[in-house]
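Each chain, written out:
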Amino acid sequence: MVGFAYGAALALVLGYLLGSIPFGLVLTRLFGAGDLRSIGSGNIGATNVLRTGRKGLAAATLVLDALKATLAVVAAAVLFGPTAELAAAAGAIIGHLYPVWLKFRGGKGVATFFGGLIGAVWPAAIVFAVVWLAVAWATRYSSAAALAATAVSPLAALAVGFGEGALVFALLAVLVWFKHSANIGRLLRGTESKIGQG
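The model shown is predicted, which means the values in this text are computed figures rather than measured ones.

K.L.:
Any chance you could explain the overall build of the protein here in plain terms?
P.N.:
Within the protein one finds 10 helices and 0 strands. Each helix and strand of the protein, placed in order from N terminus to C terminus, yields the pattern α-α-α-α-α-α-α-α-α-α. A compact globule built from 198 residues should have a C-alpha radius of gyration of about 16 Å, and the protein, at 16 Å, falls within 12% of that. In terms of overall dimensions, the protein has a C-alpha envelope of 50 × 35 × 25 Å along the principal axes. At a minimum sequence separation of 6, the contacts of the protein that also span at least 24 residues come to 62%. In the form shown here, the protein has an accessible surface area of approximately 9,800 Å², with 73% of it arising from carbon and sulfur atoms.

K.L.:
Any chance you could explain the packing of helix 8 (residues 142-159) against helix 9 (residues 163-179) here in plain terms?
P.N.:
Packed helices, taken two at a time, are described by the angle their axes make and the gap between the axes. It is the contact of helix 8 with helix 9, at a shortest axis distance of 7 Å, that shows an interaxial angle of 165°. The angle between the axes of helix 8 and helix 9 places the two elements in the roughly antiparallel class. Our pair here, helix 8 against helix 9, has a crossing hand that is left-handed. Seen from helix 8, the contacting residues are Leu147, Thr150, Ala151, Pro154, Ala157 and Leu158; seen from helix 9, they are Gly163, Gly165, Ala166, Phe169, Ala170, Ala173, Val176 and Trp177. Of the residues in the contact of helix 8 with helix 9, the class split is 11 nonpolar, 3 polar and no charged.

K.L.:
Got a minute to help me understand the environment of alanine 33 in this structure?
P.N.:
Relative to the helices and strands, alanine 33 resides in the loop between helix 2 (23-30) and helix 3 (46-50). Along the primary structure alanine 33 and arginine 54 are separated by 21 residues, whereas in three dimensions their C-alpha atoms are 8.0 Å apart. With residues near it in sequence (within four places) discarded, alanine 33 still touches Thr28, Ile39, Thr52, Arg54 and Leu57.

K.L.:
What exactly am I supposed to notice about the environment of glycine 7 here?
P.N.:
You can see glycine 7 is positioned in helix 1 (residues 2-19). Classification of glycine 7 by relative accessible area gives buried; the value is 7%. Along the chain, glycine 7 and glycine 81 lie 74 residues apart, while their C-alpha atoms are 7.8 Å from each other. Glycine 7 has contacts with Phe80 and Ala84, leaving out every residue within four places of it along the chain.

K.L.:
I tried to follow the packing of aromatic side chains on my own but got confused; where do I start?
P.N.:
Counted by the stated rule, this structure contains 3 aromatic pairs. Plain terms: the ring middles of phenylalanine 113 and phenylalanine 169 are 5.2 Å apart, the flat faces sit at 80° to each other, and that makes the pair edge-to-face. Pair noted here: phenylalanine 113 is in helix 6 (residues 110-120) and phenylalanine 169 is in helix 9, with a separation of 56 residues, a long-range link. According to the relative accessible area criterion, phenylalanine 113 is buried, its value standing at 0%. Between phenylalanine 114 and phenylalanine 128, the aromatic rings sit 5.2 Å apart at their centres with planes inclined by 25°, giving stacked as the arrangement. Of the two residues, phenylalanine 114 sits in helix 6 while phenylalanine 128 sits in helix 7 (residues 122-139), which places them 14 residues apart along the sequence. The partly exposed category is assigned to phenylalanine 114, whose relative accessible area is 24%. In this structure an aromatic cluster arises from ring pairing among Phe113, Phe114, Phe128 and Phe169.

K.L.:
Help me understand the environment of asparagine 48 in this model?
P.N.:
Mapped onto the elements, asparagine 48 comes out in helix 3. Sequence separation of asparagine 48 and alanine 120 is 72 residues, and the distance between their C-alpha atoms is 27 Å.

K.L.:
How should the nonpolar core be read in this particular structure?
P.N.:
Soluble globular proteins: nonpolar side chains tend toward being buried together. With 24 residues, the main nonpolar core has Phe113, Leu117, Val121 and Phe169 as its most contacted residues. At the level of elements, helix 5 (85-97), helix 6, helix 7, helix 8 and helix 9 are the ones that each hand at least two residues to this core. Ala11, Ala76, Ala84 and Ala87 belong to the second-largest nonpolar core, a separate cluster that totals 10 residues.

Conventions adopted
Residues numbered from 1 in each chain as written. Predicted model: local features only at pLDDT ≥ 70, side-chain atom pairs only at ≥ 80, totals over all residues. Heavy atoms only, no water. Helix = DSSP H or I, 4+ residues; strand = E, 2+ residues; numbered from the N terminus. Rg over C-alpha atoms; globule rule 2.2 N^0.38 Å. Contact = heavy atoms within 4.5 Å. Areas by Shrake-Rupley, 256 points an atom, 1.4 Å probe, with all protein chains shown as cover. Axes fitted to C-alpha atoms, helices over the stretch in contact; angles between N-to-C directions. Parallel < 35°, antiparallel > 145°, perpendicular 65-115°, else oblique. Left-handed = near helix turned anticlockwise from the far one by under 90°. Nonpolar A, V, L, I, M, F, W, Y, C, P; charged D, E, K, R; others polar. Buried < 20%, exposed > 50% of the residue type's maximum accessible area, 1.4 Å probe, protein only. Phe/Tyr/Trp six-rings, centres within 6.5 Å; stacked < 30°, edge-to-face > 60°. Core = buried A, V, L, I, M, F, W, Y, C linked by side-chain atoms within 4.5 Å.

Here's what the structure looks like:
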């Protein structure tokens, strides 16, 4: 039990350190697109990177924000055993939401949530992707798609027998929803920006 707890704690820290890498901020600075925190919503995620007009950087941010969580899960499984995977996924998502390097002001965690699912509960990741695409197509709201996908994926994990994964990702979904509080308010008021709008 001590070994398991120690491994999980190390996996959580490893995940946090990887998850807290602000790829959106790094890429926009590296390629001369300015300080992402002073653009659009000020968020460090791919959606705000897209507001710089640099679609390639936005795509790279999306992929890297997802892969950092997947990498955390894989690395934790190799270093500490498969029981540490969920701790690493949780650490990565929390790290993205609250990175120590940016005074705990991070992104909204959608891509990183998806990357954690890929590594730890891959069947739920498939459901996440399908739901996100379906809701985004139907509503044109990226935030609504994210909220729906994060809500449904823990249920998908439970349905395929990943009970612990379902619990962990349900708790993480609560954090993602909390980070989307402003978006939820705008959705309710009908003032949320749609995909493709400036």
